[in-house]
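Survey of secondary and tertiary structure
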Amino acid sequence: MKPFEYRRIHGVEEIGKGDPGQARYLAGGTNLIDLMKHEIEVPDRLLDISRLKLATIENGEKDSLRVGTLVTNTSLASDARVRQTWPLLSAALLSGATAQLRNRATTGGNLLQRTRCYYFYDTARPCNKRNPGEGCSAREGQNRIHAILGTSDHCIATHPSDMAVAMVALEARLTLRAADGMERELPVEELHRLPGDHPEQDTVLKPGELILGVILPAPPPGRQIYRKVRDRSSYAFALVSVGVILHVVGGKVESVRIAFGGVAHKPWRARKAEAALLQKEATEANFQHAAEVELADARGYGSNDFKIPLARRTLVATLRDAANSVEEASA
Amino acid sequence: MANLYVNGKQVTLDDDPRTTLLDTLRAWPALTGTKKGCDHGQCGACTVLLDGRRVNSCLILAIQCEGSEVTTIEGLGQGEQLHPVQRAFVKHDGFQCGYCTPGQICSAVGMLEEVRNGEPSDVTGRGQASLSRAEIQERMSGNLCRCGAYVNIVDAILDTDAPNSLKKEGAAT
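Keep in mind that what you see is a predicted model, and the values were worked out from it rather than measured.

Analysis parameters
Residues numbered from 1 in each chain as written. Chains lettered and ligands numbered in written order. Predicted model: local features only at pLDDT ≥ 70, side-chain atom pairs only at ≥ 80, totals over all residues. Helix = DSSP H or I, 4+ residues; strand = E, 2+ residues; numbered from the N terminus. Rg over C-alpha atoms; globule rule 2.2 N^0.38 Å. Buried ≥ 20, exposed ≤ 12 C-beta atoms within 10 Å, placed from the backbone. Contact = placed C-beta atoms within 7 Å. Pairing = 2+ DSSP bridges. Axes fitted to C-alpha atoms, helices over the stretch in contact; angles between N-to-C directions. Parallel < 35°, antiparallel > 145°, perpendicular 65-115°, else oblique. Left-handed = near helix turned anticlockwise from the far one by under 90°. Nonpolar A, V, L, I, M, F, W, Y, C, P; charged D, E, K, R; others polar. Domains from an automatic or database assignment. Core = buried A, V, L, I, M, F, W, Y, C linked by C-beta atoms within 7 Å. Arc of directions from axis to C-beta. Right-handed = clockwise from strand over helix to strand, strands pointing away. pLDDT = per-residue confidence, 0-100.

Overview of the overall build of chain B
Counting secondary structure elements, chain B contains 6 helices and 5 strands. Taken from N to C terminus, the helices and strands of chain B fall in the order β-β-α-β-β-β-α-α-α-α-α. The C-alpha atoms of chain B give a radius of gyration of 16 Å, which matches the 16 Å a tight globule of 173 residues would have. Once the C-alpha set of chain B is aligned to its principal axes, its extents read approximately 50 × 35 × 30 Å. Here chain B holds 173 residues, and the buried ones make up 47% of them. Within chain B, contacts between residues at least 6 apart in sequence are counted, and of these 59% link residues at least 24 apart.

Considerations on the sheet that holds strand 3 (residues 45-48) of chain A
All names here are of chain A. With parallel pairing, the 3 strands of this open sheet are ordered in space as 1-3-2. The outermost strands of the open sheet, each flanked by one partner alone, are strand 1 (5-8) and strand 2 (23-26). Taken pair by pair, the neighbouring strands of this sheet meet at an average axis angle of 20 degrees, ignoring direction. Alignment of strand 2 against strand 3, held across 4 bridges, turns out to be parallel. Across the sheet, the residue bridging to Arg24 is Leu46, located in strand 3.

Here we look at the packing of helix 3 (residues 84-91) of chain B against helix 4 (residues 101-116) of chain B
Residue and element names in this part refer to chain B. Between helix 3 and helix 4, the shortest axis-to-axis distance is 9 Å and the interhelical angle comes to 130 degrees. Our classification of the angle between helix 3 and helix 4 gives oblique. For the crossing formed where helix 3 meets helix 4, the hand is right-handed. Only Thr101, Ile105, Ala108 and Val109 of helix 4 make contact with helix 3, whose side of the interface consists of Val85, Gln86 and Phe89. Among the residues making up the contact of helix 3 with helix 4, the classes are represented as 5 nonpolar, 2 polar and no charged.

Here we look at the domain arrangement of chain A
Much of the literature gives interface size as the accessible area that the parts lose upon coming together. As assigned here, chain A comprises domain 1 (5-50) and domain 2 (223-330). Distance from the C-alpha centre of domain 1 of chain A to the C-alpha centre of domain 2 of chain A: 37 Å.

So, the nonpolar core
Core analysis: the largest hydrophobic core is formed by 141 residues, its most contacted members being Leu88(A), Leu89(A), Ala166(A) and Met167(A). In contact with Ala166(A), other than residues within four places in its own chain, are Leu88(A), Leu89(A), Ala92(A), Tyr226(A) and Gly243(A).

Describing helix 10 (residues 284-294) of chain A
When we look at burial in helix 10 of chain A, the residues that qualify are Phe287(A), Ala290(A), Ala291(A) and Glu294(A). For helix 10 of chain A, the angular spread of buried residues about the axis comes to 95 degrees, placing them on one side.

A look at the sheet that holds strand 11 (residues 252-261) of chain A
All names here are of chain A. What the 4 strands build is an open sheet, ordered 9-10-11-12; its pairing is antiparallel. The open sheet has two edge strands with one neighbour each: strand 9 (223-229) and strand 12 (268-269). Here 2 bridges tie strand 11 to strand 12, and the two strands are oriented antiparallel to one another. Looking across to strand 12, one finds that Ala259 is bridged to Arg269.

Thoughts on the interface of chain A and chain B
Contacts between the two partners involve 27 residues from chain A and, on the opposite side, 28 residues from chain B. Looking at the side of chain A that touches chain B, the element that brings in the most residues is helix 5 (residues 99-104) of chain A, giving 5 residues. Split into classes, the residues belonging to the side of chain A that touches chain B amount to 11 nonpolar, 11 polar and 5 charged.

Side note on the environment of Val115(B)
Along the chain, the position of Val115(B) falls in helix 4. In this structure the C-alpha to C-alpha distance between Val115(B) and Arg133(B), which are 18 residues apart in sequence, comes to 13 Å.

Some words on the pairing of strand 2 of chain A
Residues in a regular strand project their side chains so that they alternate between the two faces of the sheet. Of the two faces of strand 2 of chain A, the one holding Ala23(A) and Tyr25(A) and the one holding Arg24(A) and Leu26(A) are both buried throughout. The β-α-β motif built from strand 2 of chain A, the intervening helix 1 (residues 32-37) of chain A and the parallel element strand 3 of chain A has right-handed crossover chirality.

Description of the confidence of the model for chain A
Across chain A, pLDDT averages 96, with 97% of residues at or above 70. Across chain A, element-level confidence peaks in helix 8 (residues 163-169) of chain A with a mean pLDDT of 99 and bottoms out in helix 11 (residues 307-330) of chain A with 88.

Some points on the domain arrangement of chain B
Residues and elements named next belong to chain B. Its domain assignment divides chain B into domain 1 (3-76) and domain 2 (84-168). Once you take the C-alpha centre of each, domain 1 and domain 2 turn out to be 21 Å apart. Listed as interface residues are 16 residues of domain 1 and, on the opposing side, 15 residues of domain 2. For the side of domain 1 that touches domain 2, the secondary-structure elements that each account for two or more residues are strand 3 (47-50), strand 4 (53-56) and helix 2 (73-76).

Some words on unusual backbone geometry
At Asn7(B), a position not held by glycine, the phi torsion is positive, near 50 degrees. By secondary structure assignment, the location of Asn7(B) is in the loop between strand 1 (3-6) and strand 2 (9-12).

So, helix 6 (residues 150-158) of chain B
Residues and elements named next belong to chain B. Residues of helix 6 that are buried include every one of Ile153, Val154, Ala156 and Ile157, and no others. In a view along the axis of helix 6, the buried residues occupy a sector of 160 degrees, so they form one face of it. Considering only its buried residues, helix 6 is in contact with helix 3, helix 4 and helix 5 (133-139).

Below, the structure is given as structure tokens:
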């Protein structure tokens with residue numbers, strides 16, 4: 001690990017205007033410390049924010065929930081309100097990582113974790129995300145875990161978070177604090193970027209901008225299901241995951257939210273599929289059609305070609321489960 | 001100088017902020033029970049209890065733990081007087097080479113507390129967590145065993161006769 005200066009702060013006001021520059025904020029460290037060991041992240045300073053008073057979950061306005069950025073993945077997944085009202089989020093969190101990591105990993109850190117693309121980690125191989133302009137090794141290489149939607153010539157990496165997929169489906173919002181103290185809100189859906197010409201930029205955060213927390217608005221009605229397909233039944237990243245909130249009334253789709261994980265550089269809100277389903281009969285044929293509409297632009301790179309039919313089938317199966325359980329619930 | 005507390009004893013940290021909690025434990029109090037496996041948070045051999053919660057000590061800077069209480073495998077038993085989870089591992093042969101065992105046992109101790117607290121896992125669903133085989137397998141997935149002693153590890157945890165064990169609550173079948 002490269003040497004760095006360590007500074008622990010106890011209030012956000014201690015963040016200077018020049019911060020963090022080449023510095024990084026450190027919270028749980030489960031991804032950042034690992035990347036520093038690999039010398040993929042080489043900050044000259046770490047600002048340890050782990051003792052800021054941002055680790056609480058509080059009831060907000062209009063039946064929302066305000067989640068501090070330092071709330072651990074375990075605490076968020078275990079919160080009785082989250083389990084009751086936002087079960088999609090609890091399920092997504094629990095499907096990720098291990099108990100040891102979830103005990104340490106934070107809400108903000110989970111959002112800002114970096115891709116697990118093999119070539120991003122392999123410093124002996126070109127990677128545009130690590131060294132812009134170097135080239136992408138994944139396009140012609142091992143790309144079983146890579147993206148099928150929203151890729152660019154420069155990067156086909158995926159965002160690895162499960163939690164973020166649920167937050168996008170739930171239309172959660174971030175509260176952010178810029179280095180100059182200005183605060184703003186940002187939908188989680190707009191946090192992550194597609195790679196385009198700048199795959200080195202994972203998010204739209206400005207330098208020094210800090211995630212203070214996440215606001216979970218009251219969810220829309222309907223059944224919430226998170227379904228994750230992976231190579232092992234535990235402790236594996238998603239090949240494809242899908243978060244669905246489906247409300248069926250009288251056999252028709254009254255409202256629906258869909259987000260995919262494991263298919264793109266960001267959690268993928270499936271708005272085309274949602275539009276195709278709205279006010280339509282909740283039938284297998286319509287689920288199929290919606291999945292096909294969403295995946296019409298999907299492309300594989302060889303070893304990840306299987307993800308296109310996998311994403312289609314996973315979405316159809318999840319919609320089917322959600323529709324069936326809604327009927328059971330109202331029967 | 002910054003201090004933390006390991007198994008109740010004060011430990012002074014070295015002044016290099018790069019030093020992980022794992023390397024601190026193994027070097028200064030020379031508590032080598034905590035093992036370095038992958039050093040990247042993937043194997044669980046370095047699992048210790050930090051303020052009562054199981055964590056991967058390889059992914060934590062020691063300086064972040066200033067003032068915290070750390071419990072390692074050496075702090076669970078009292079010499080020949082083994083912790084109930086240790087006794088259960090011996091009884092059920094929950095190991096072969098033993099390298100992953102300190103992490104497995106610390107992880108199991110933390111895991112039993114998490115179940116007791118009602119914290120759900122990926123297999124719990126919306127109800128109350130119980131200590132079934134499926135729950136143990138899911139909850140212990142962060143501890144790899146290259147010898148493949150998993151079946152006996154699950155048996156040992158199911159049979160743990162720890163005080164306030166979940167078995168008494170009839171959760172295990």
